[in-house]
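Here is what each chain is made of, one letter per residue.
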Amino acid sequence: MRLKKRRSDKFACWAFLMPTLIFLAITALFPLLYSGYLSFFRLKLNLPNQQPVFVGLDNYIKMFTDTMLHTSTINTLLFAFISVALEVVLGLMVAMVICSDSMWSRVATSIFMIPMIMAPVAIGTLWRMMMDASTGVLNYFLSFFGVDTIQWLADPTMAKISVLLVNVWQLTPWVTVICAAGLKALPQDCIQAALVDGATPRQIFWRIVLPLIKPVLVIVVMMRFTDAFKVFDTIYTMTNGGPGTATEMLPNFIYKQGLKYYDAGYAAALAIVFVLVMAFITLFFLRLRKKEEENVW
Amino acid sequence: MVKRRKSQDKASTDYVISNFAGPYVKWGLLISSLVGVLFPLYWLLLSAFKLDRDHRSYPPVFFPSEFTLDHFIEVFTKNQLMENLINSATIAVVTTVITLLIGSMAAYAVQRGPLGRKTKDFFGLWFMVQKMYPAIATAIPVYLVMRSLRLIDTLAAMIIMNTSFNLPLVIWLMMGFFEQVPYELEESAMLDGSGFIHRFFNVILPITKPGLVASAILTFTATWNEFLFAVILSINKAKTLPVVIAGFITDRGLAWGPMAATSLVTLIPVVVLTLLVQKDFVKGMAMGAVKG
């Protein structure tokens, strides 16, 4: 009787798993394998009824000589490192400032949540409007301080800074909200004990708060960093990679290869390499996090 | 995460943390960040109700003397925004329901089901890596498959892809919430003769409601805002709101007024929804960060 029951439990358990497994296999695993297959072929999407032509490793070899790809890789790396650094430092600082149970801190949290739930496409277009060189409100503000017209999105260097700025606006609140939740869960007695011992606020921050919040920061950095590589919506709406290739990032680049130049084989090869690199980064962070957990908890 | 709160001395601890660099830094940072977040939102609101001539004027108009609903009327009558709104809502709601149902089932099976340790670890790692998966990597093959299945420009295609991208996150979140359910509760239900399925729906789900709410909001918002697959898989009939917003960018420049009106229509539902369940939402997101 008991055995029978356990067997029925096991059956139910797999039945619970099956929908998800089948779903993910079809919609995530299969496309990835299909990408791997396509990456060895030349396939132009714009020509109807075209048969894929086997080209071996050509699509992968092309990556070594594709200067556009190199530019967008460097752009993406720079973007990821700088945006994550800015967002984490700023986000943690604001999180500490709003660390309180009072009314105004809850109101501030609600306000900070708006950018992170706003459609990134809407964020991109909104900032594009504000960054308009001739009628934009940003240039108007700066004109009070005697700053000449800034070509926010038309100048290559400024465009890079602009997309960074918008990303910081969009995602610092996310870091803030997560860090604020982490700060609230800090063990109170450590800080109280330090206060009794006469520690200064600065010492408390560097010696107690920062080490205790570090596991949360590691995860925040991991999620933000892997997410930064996927930036697409705001780039697409603000600059579409321009001017020239100044703000071209990998997702936008792959998108263009596949759905603008219709080179499905090359796009598939790029996607495969991209996934491998992302998986590598994820595993690196997971290992880091494991180490962190062992140290702290 | 360690949850230890002692109410008696909390005020002073919070005070120490929030004054880590003195009151000037504190208030300066707070005010500048609030202004930084709020001003663009005010500008969006203003642009949606501003007259066309105010859009073109320089210096920009900060406090218009006249407001208009023309931009909203224009997008709802000329651009059939209602259709897009219904598309977005349908896709987001159906995706949320499916994802929550099969996602929490899978999470429960992995967390509490009679599986071996290795099997559990394998699934855990799979869902984790899947969460980091760049959507663009599947874009081309998905496009090709959907094209051959004649699913381009259908709501079904969008629901399928959104479910796929939100499942790993929901599973991960729910695994965290199920982990906190005490074993004793399940054991006593088991002794009462309740099977796996009955336990899940009648014992476990009711007490993990906060987790379900957080997962639902996260999935709904992500789907509502999703753009990459929406722009690849839709032509006309299945267009969602983000695609419409991006569509205002034309070679002749942006149609600011209608664009702002559409953005506002897109923003308001998720803001209302999030504020309604803010506590659960924040908790769920923090869980996701700590667990994920």
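Residues numbered from 1 in each chain as written. Chains lettered and ligands numbered in written order. Predicted model: local features only at pLDDT ≥ 70, side-chain atom pairs only at ≥ 80, totals over all residues.

A. Spatial organisation of the domain arrangement of chain B. Residue and element names in this part refer to chain B. Each domain of chain B was delimited in the assignment, giving domain 1 (7-68) and domain 2 (74-291). Each of domain 1 and domain 2 has a C-alpha centre, and the two are 30 Å apart. In this complex, domain 1 contributes 7 residues to the contact, which on the side of domain 2 involves 6 residues. Taken together, the elements giving at least two residues each to the side of domain 1 that touches domain 2 come down to helix H2 (22-49) and helix H3 (52-56). Considering each element in turn, the side of domain 1 that touches domain 2 owes the most residues, 4 residues, to H2. Looking at the side of domain 1 that touches domain 2 residue by residue, the class counts come to 3 nonpolar, 2 polar and 2 charged. (Domains from an automatic or database assignment. Contact = placed C-beta atoms within 7 Å. Helix = DSSP H or I, 4+ residues; strand = E, 2+ residues; numbered from the N terminus. Nonpolar A, V, L, I, M, F, W, Y, C, P; charged D, E, K, R; others polar.)

B. Here's a closer look at the environment of Ile-178 of chain A. Topologically, Ile-178 of chain A is positioned in helix H7 (residues 156-184). For Ile-178 of chain A and Glu-292 of chain A, which are 114 residues apart along the polypeptide, the C-alpha to C-alpha distance reads 18 Å.

C. Representation of the interface of chain B and chain A within the structure. Every contact between the two is made by 90 residues of chain B and, on the other side, 91 residues of chain A. Sorting elements by how many residues they give to the side of chain B that touches chain A places H2 of chain B first, with 13 residues.

D. A look at the nonpolar core. In this structure, Ile-178, Cys-179 and Ala-271 of chain A together with Met-158 of chain B are the most contacted members of the largest nonpolar core, which totals 166 residues. Per element, the largest residue contribution to this core is 17 residues, and it comes from helix H8 (residues 155-179) of chain B. For this core, the two domains that each supply at least three residues are domain 1 (7-68) and domain 2 (74-291) of chain B. Contact partners of Cys-179 of chain A, with chain neighbours within four places excluded, come to Gly-91, Leu-92, Ala-95, Ile-213, Val-216 and Val-220 of chain A. (Core = buried A, V, L, I, M, F, W, Y, C linked by C-beta atoms within 7 Å. Buried ≥ 20, exposed ≤ 12 C-beta atoms within 10 Å, placed from the backbone.)

E. Structural detail: unusual backbone geometry. Positive phi is not limited to glycine here, since Asn-240 of chain A has a value of about 50°. Looking at the secondary structure, you find Asn-240 of chain A in the loop between helix H10 (233-238) and helix H11 (250-259). Phi is positive for Arg-150 of chain B, which is not a glycine, with a value near 60°. Take Arg-150 of chain B: it is sitting in the loop between helix H7 (136-148) and H8.

F. Up close: the packing of helix H4 (residues 103-117) of chain A against H7 of chain A. Residue and element names in this part refer to chain A. The interhelical angle for the contact between H4 and H7, taken along N-to-C directions, is 135°, at an axis separation of 7 Å. Taken together, H4 and H7 sit at an angle that is classed as oblique. Here H4 and H7 pass one another in a crossing that is left-handed. Seen from H4, the contacting residues are Thr-109, Phe-112, Met-113, Pro-115 and Met-116; seen from H7, they are Trp-169, Gln-170, Leu-171, Pro-173, Trp-174, Thr-176, Val-177 and Ala-180. Per-class residue counts for the contact of H4 with H7 are 10 nonpolar, 3 polar and no charged. (Axes fitted to C-alpha atoms, helices over the stretch in contact; angles between N-to-C directions. Parallel < 35°, antiparallel > 145°, perpendicular 65-115°, else oblique. Left-handed = near helix turned anticlockwise from the far one by under 90°.)

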